[in-house]
Every structure is written in C-alpha cells, then in structure tokens.
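# Coordinate analysis (summary)
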Amino acid sequence: MVKLNKIYTRTGDKGTTSLVSGPRREKYDLRVEAYGTVDETNSAVGLARLHTAGMAELDAMLFRIQNDLFDLGADLAAPDTGEALDYEPLRIIEAQATRLETEIDALNAHLDPLTSFVLPGGSPAAAHLHLARTVARRAERLMVELSRGETIGAAALKYINRLSDFLFVAARFANDHGKADILWVPGKNR
C-alpha cells in the first residue's frame, strides 16, 4: 500500500532522484526519462478519458491501462540488478500485454480496413488518443534504448509496444468506428 504524507522531500533539489530500490540517479538519466515518459503517457490517456465518458467499454479499457502504466512505471523504477531485495518488485507480466491484444481485436472488429494512413484528429477523444499514442511511442523508444544497457523485462517492452497499437485502434474506434477518420492524401498540397 502506498502512503504519501508529505509530497515534497527536498532530496531532489540538486538534480537527482531515488529509484524504488534506493539508488539515486540523475534526473536526466535514461531510466528516469523512460519512466517519466510512461507517466506522461498516463497523463495523456487521462486527458483522452475526459472525452470517452459516453463510450463505456473504451473508457473502462483506458482506466485499466492507466493502472497498468503505474505498474510499468514501478517496474522501471526498480531495476533488476540480479541482487536479492527485501520486497517483491512490481513487474509487468505477459497477461497484461495479452489483454491489450484481446482489446485491440475487440475494438478493431468494429472498424473497416484502412485504405490510407490516418491523420491524428477527428473527434476530441480520437485526437487525444493519437497524442497519447505518440507519447507512448516515445516511451517505447526510451525503454528500448535503456534495454541495450540495462535489464528491462520482455513483458514490459511488449506491453508498451502493444499500447501504442491499442491507442491507434482506440482513436479510430472513438472516431465513430472509423467513419470520422481523417485520411492522409499523399501529395495533396503539391
């Protein structure tokens, strides 16, 4: 259980922060950047949810994703160094990525196949979901870069990759099941 009595600690005033496992890292450290971008993704999903209240099934999926993103942030904030810890660190598991795949398939069943790339926009929900998708892609790029030098769980990498796919399909779903998608017209403005 998380209990926060005091929000500021002053321990980061000199540009470092503590990982869950204790070590301090620079605030520009790649691991901190990765979990900070996961947090940013979560905020973008929360913003999108302001526009999905009338889409109960989608909103419930997004709510679950927001919780998963906190799990992912906790996973990234507790690096697997191979050393024994006094606690069991929270890790993203395969079932979370698999659930995203199931939800992608469920939403995609309502959509016609694409005939062009989709421009971000349409409804407010779709526009915000596209923004969340691009932030999730940035988080993924950072996580992949981090994984080249430190251990990142395979399920965590799979989850963040599936998340951007989910957000793309969710944006189309929010655009009147794809009927209000704005399609790219190559060379239109030449």
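Structure: above.
Residues numbered from 1 in each chain as written. Predicted model: local features only at pLDDT ≥ 70, side-chain atom pairs only at ≥ 80, totals over all residues. Heavy atoms only, no water.

### Some points on the overall build of the chain
Looking only at helices and strands, one finds five helices and four strands in the chain. The linear arrangement of helices and strands in the chain, starting from the amino end, is β-β-α-α-α-β-α-α-β. With the C-alpha coordinates aligned to their principal axes, the bounding extent of the chain is approximately 55 × 40 × 35 Å. The 190 residues of the chain split such that 41% are buried. Contacts in the chain between residues at least 24 apart in sequence constitute 74% of all its contacts with a sequence separation of at least 6. Accessible area for the chain stands at about 11000 Å²; split by element, carbon and sulfur atoms hold 56% of it. Of note, the chain has its 23 positive side-chain charges centred 5 Å away from the centre of its 26 negative side-chain charges. (Helix = DSSP H or I, 4+ residues; strand = E, 2+ residues; numbered from the N terminus. Buried < 20%, exposed > 50% of the residue type's maximum accessible area, 1.4 Å probe, protein only. Contact = heavy atoms within 4.5 Å. Areas by Shrake-Rupley, 256 points an atom, 1.4 Å probe, with all protein chains shown as cover. Lys, Arg positive; Asp, Glu negative; His and termini not counted. Charge placed at Lys NZ, Arg CZ, Asp CG, Glu CD.)

### A look at the pattern of salt bridges
On inspection of all chains with the given rule, the structure shows 12 salt bridges. Here R137 makes a salt bridge to E140, at a shortest N to O gap of 2.7 Å. Of the two residues, R137 and E140 are both situated in helix α4 (residues 124-147); the distance of three residues between them amounts to about one turn of the helix. What you see here is one network of salt bridges that share partners, running through R64, D68, R99 and E103. (Salt bridge = Lys/Arg side-chain N within 4 Å of Asp/Glu carboxyl O.)

### Regarding the packing of helix α1 (residues 30-49) against α4
Axis separation between α1 and α4 bottoms out at 8 Å; the angle between their running directions is 165°. Accordingly, the angle class assigned to the pair α1 and α4 is roughly antiparallel. The element α1 and its partner α4 pack so that their crossing is left-handed. Contacts between α1 and α4 pair L30, R31, E33, A34, T37, V38, E40, T41, A44, V45, L47 and A48 from the former with A125, H128, L129, A132, V135, A136, R138, A139, L142, M143, E145 and L146 from the latter. (Axes fitted to C-alpha atoms, helices over the stretch in contact; angles between N-to-C directions. Parallel < 35°, antiparallel > 145°, perpendicular 65-115°, else oblique. Left-handed = near helix turned anticlockwise from the far one by under 90°.)

### Section: the packing of α1 against helix α2 (residues 56-76)
Geometry of a packed helix pair, given as the angle between the helix axes and the separation of the axes. Closest axis-to-axis distance for the α1/α2 pair is 9 Å, and the angle between their directions is 165°. On the basis of the axis angle, α1 is roughly antiparallel to α2. Relative to α2, the crossing made by α1 is left-handed. Of the residues in α2, those touching α1 at R31, A34, Y35, V38, T41, N42, V45, G46 and R49 are D59, L62, F63, Q66, L69, F70, L72, G73 and L76. Of the residues in the contact of α1 with α2, the class split is 10 nonpolar, five polar and three charged. (Nonpolar A, V, L, I, M, F, W, Y, C, P; charged D, E, K, R; others polar.)

### Comments concerning the environment of Q96
Mapped onto the fold, Q96 is located in helix α3 (residues 94-108). Since its relative accessible area comes to 10%, Q96 is described here as buried. As for Q96 and E33, which are separated by 63 residues in sequence, their C-alpha atoms are 23 Å apart. Once residues lying within four places of it in the same chain are set aside, the contact partners of Q96 are D68, D71, R91 and Y159. In terms of polar contacts, Q96 uses its side chain to reach the backbone amide nitrogen of I93, at 2.8 Å. (Polar contact = N/O pair within 3.5 Å; in protein donor to acceptor, adjacent residues only side chain to side chain.)

### Observations regarding the environment of G122
With respect to the secondary-structure elements, G122 resides in the loop between β3 (118-119) and α4. Assessed through its relative accessible area of 46%, G122 is described here as partly exposed. When the C-alpha positions of G122 and V169 are compared, they lie 13 Å apart, and in sequence the two are 47 residues distant.

### With respect to the nonpolar core
If you look at the biggest cluster of nonpolar residues, it comprises 44 residues, and the most contacted ones within it are L72 and F166. Per element, the largest residue contribution to this core is 12 residues, and it comes from helix α5 (residues 154-174). Discounting chain neighbours no more than four positions away, the residues touching F166 are L58, M61, L62, I65, L100, E103, I104 and L107. (Core = buried A, V, L, I, M, F, W, Y, C linked by side-chain atoms within 4.5 Å.)

These figures come from the coordinates and say nothing about function on their own.
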